[in-house]
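Fold and contact review
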Amino acid sequence: MASGIEIESLRKEFAGDVVAVDDLSLEVAEGEFMVLVGPSGCGKSTTLRMVAGLEEATAGTIRIGGRDVTALPPRKRDIAMVFQSYALYAHMSVRDNIGFGLKMAGVPKPQIADKVAEAAEILGMTDLLDRKPRQLSGGQRQRVAMGRAIVREPAAFLMDEPLSNLDAKLRVEMRGEITSLQRRIGTPTLYVTHDQTEAMTMGDRVAILRDGVLEQLGTPAELYDRPGNMFVASFIGSPAMNLIEARCEAVNGRPRLRIGDSVLNVPDAVARRCGSLPEYTGRDLCVGIRPEDFVSTAGAEQPETIEIAVTRAESLGSELFVYFQTVGTQASPGIVGDELGEATETPALARESLTARLERGTIVEPGARARLLVDTERLYFFDLETGAALT
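These remarks concern the structure in this document.

Rules of the game
Residues numbered from 1 in each chain as written. Predicted model: local features only at pLDDT ≥ 70, side-chain atom pairs only at ≥ 80, totals over all residues. Heavy atoms only, no water. Helix = DSSP H or I, 4+ residues; strand = E, 2+ residues; numbered from the N terminus. Buried < 20%, exposed > 50% of the residue type's maximum accessible area, 1.4 Å probe, protein only. Contact = heavy atoms within 4.5 Å. Areas by Shrake-Rupley, 256 points an atom, 1.4 Å probe, with all protein chains shown as cover. Core = buried A, V, L, I, M, F, W, Y, C linked by side-chain atoms within 4.5 Å. Lys, Arg positive; Asp, Glu negative; His and termini not counted. Salt bridge = Lys/Arg side-chain N within 4 Å of Asp/Glu carboxyl O. Polar contact = N/O pair within 3.5 Å; in protein donor to acceptor, adjacent residues only side chain to side chain. Pairing = 2+ DSSP bridges. Phe/Tyr/Trp six-rings, centres within 6.5 Å; stacked < 30°, edge-to-face > 60°. Lys NZ or Arg CZ within 6 Å of the ring centre and 35° of its normal. Axes fitted to C-alpha atoms, helices over the stretch in contact; angles between N-to-C directions. Parallel < 35°, antiparallel > 145°, perpendicular 65-115°, else oblique. Left-handed = near helix turned anticlockwise from the far one by under 90°. Nonpolar A, V, L, I, M, F, W, Y, C, P; charged D, E, K, R; others polar.

With that settled, consider the overall build of the chain. A tally of regular secondary structure across the chain gives nine helices and 22 strands. The proportion of buried residues among the 391 residues of the chain is 49%. Taking as baseline every contact in the chain between residues at least 6 positions apart, the subset at least 24 positions apart corresponds to 69%. Surface summary for the chain: the accessible area is close to 18,000 Å², and the carbon and sulfur share equals 47%.

Below is the structure:
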């Protein structure tokens, strides 16, 4: 029998011909933890609500555990949902909150007691069962919400930004707890977040949505190493990938890039990997350089360096973030990633748009000129018009 969650050609239209989700197809395998991620308004929560039965799909098919549940109400879909808000009953104990759904389903009391005790042990909450929600920390309340889902033994877990109400430190702790718990139980899980760090650290696979459309689906490593377009490249990674307009040239049949007044030679291995690069000779394209792929500052001009004007630097103790503009670039529209990881269009010299992550102890001064050594083995290339990665 088929298992997991299957979404086929799912579409959701709201009044006024607003398309929130457009022809989305995904399959969450048995035991898999899949994350839906994207900027606000991309359709990820709407997708989750359609899977849960809280929103009616305009078109498409939803299967859970091999059953077509597209037209079924939520209570008949055999799912458990964990929300952003804990939705706990303040007057009930932890024990009663965890077992409430089973009680409403008419499960015998001895069986409820056994399931609650088992869930509490898994969550490390055995000594908290008689407390009320007001006596718990935010992380403990989230565990209660998880316990309420666990005891249901559903065919699928659906999680809608369950960590967004927690502080930064607790979010990190709960990320590990949720993924460990899910792997232990093995229930297929669809998890929604706007936080790409959550997506990359928690998901077996990650689906990136934009404007209701699936941009790319893959493992975190695949999305980081082989982004399919500029949006994915700028969304995945923190800080975001630098996307810089460059002119592709050729010298003795070997490609090189002109960025402002600087030139980068393209290694033979990279040129072979990107077989379409020669087609862009004499044309502009987008070159992607991740902040961590600037190896160091360099004193002398080299074919693997670019000249920059430093605008500011931020030391985090273990590393240094340097914000800069390339020297010689004209103030024509360029494409960069913003601080939230969303792709935006902006003049290349209009603001502090480029970032390098350098080793601690690197000396740079705001307003100074410097040269950055680039790991040219890690260059990415994109078409400026379509945004698609060059292959």
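Now that the structure has been shown, the text picks up again.
Take the nonpolar core next. Core analysis: the largest hydrophobic core is formed by 43 residues, its most contacted members being Ile178 and Ile208. In contact with Ile208, not counting residues within four places along its chain, are Val37, Val213, Leu214, Glu215, Gln216, Leu223, Phe231, Val232 and Ile236.

A separate point is the side chain of Arg290. Positionally, Arg290 belongs in the loop between strand E14 (284-289) and strand E15 (294-298). One buried charge, Arg290, has no salt-bridge partner; the nearest side chain with opposite charge is Glu292, at 4.8 Å. A polar side-chain atom of Arg290 sits 2.8 Å from the main-chain carbonyl oxygen of Ile236. Excluding anything up to four places from it in sequence, Arg290 contacts Leu223, Tyr224, Ala233, Ile236, Gly237, Met241, Asn242 and Tyr380.

Quick look at the pairing of strand E6 (residues 79-82) now. Here E6 shows no split at all, with Ile79 and Met81 on one side and Ala80 and Val82 on the other all buried. Relative to strand E7 (residues 156-160), E6 runs parallel, the two sharing four bridges. What sits directly across from Ile79, in E7, is Ala156.

Moving on to the packing of aromatic side chains. Taken as a whole and assessed by the stated rule, the structure comprises four aromatic pairs. With a centroid separation of 4.8 Å and 55° between ring planes, the pair formed by Tyr89 and Phe100 is classed as tilted. You can see Tyr89 sitting in the loop between E6 and helix H2 (94-104) and its partner Phe100 sitting in helix H2, a full 11 residues away along the chain. With a relative accessible area of 22%, Phe100 lands in the partly exposed category. Note that Arg283 overlies the ring of Tyr280, its terminal NZ or CZ placed 4.2 Å from the centroid. In this arrangement the basic side chain of Arg290 is found over the ring face of Tyr224, its NZ or CZ atom lying 4.0 Å from the centre.

At their nearest, the axes of helix H4 (residues 138-150) and helix H5 (residues 168-185) sit 11 Å apart, and the two run at 20° to each other. If you check the angle between H4 and H5, you find them roughly parallel. Taken as a pair, H4 and H5 cross one another with a handedness that is right-handed. Here Gly138, Gly139, Gln142, Arg143, Met146 and Ile150 of H4 come into contact with H5, specifically with Leu170, Met174, Glu177, Ile178, Leu181 and Ile185. Among the residues making up the contact of H4 with H5, the classes are represented as seven nonpolar, three polar and two charged.

A few words on unusual backbone geometry. Residue Pro239 is reached from Ser238 by a cis peptide bond, and omega for that bond is -5°. Among the structural elements, Pro239 can be located in the loop between helix H8 (230-235) and strand E11 (242-251). Phi at Ser9 takes a positive value of approximately 50°, unusual for a residue other than glycine.

Regular strands place their side chains on alternate faces of the sheet. With five bridges joining them, strand E9 (residues 205-210) and strand E10 (residues 213-218) adopt antiparallel strand pairing. When the sheet's bridge partners are listed, Val206 is paired in E10 with Gly218. Two successive antiparallel strands, E9 and E10, enclose a turn made up of two residues, where Asp211 displays a positive phi of approximately 55°.

Per the counting criterion, the structure on display carries 24 salt bridges. Close ionic contact of Asp204 with Arg183 constitutes a salt bridge, the shortest N to O distance being 3.0 Å. Taken together, the residues span a long stretch of sequence, with Asp204 in the loop between helix H6 (196-202) and E9 and Arg183 in helix H5 at a distance of 21 residues. Assessed through its relative accessible area of 28%, Asp204 is described here as partly exposed.

Take the sheet that holds strand E22 (residues 380-382) next. Strand order in the open sheet formed by five strands is E13-E12-E11-E14-E22, with antiparallel pairing between adjacent strands. Whereas interior strands pair on both sides, the edge strands pair on one side only; in this sheet they are strand E13 (262-265) and E22. Put simply, the sheet's adjacent strands are angled 40° from each other on average, direction ignored. Examined bridge by bridge, E11 and strand E12 (residues 254-259) share five bridges and lie antiparallel to one another. Bridge pairing in E12 places Arg247 opposite Arg258.

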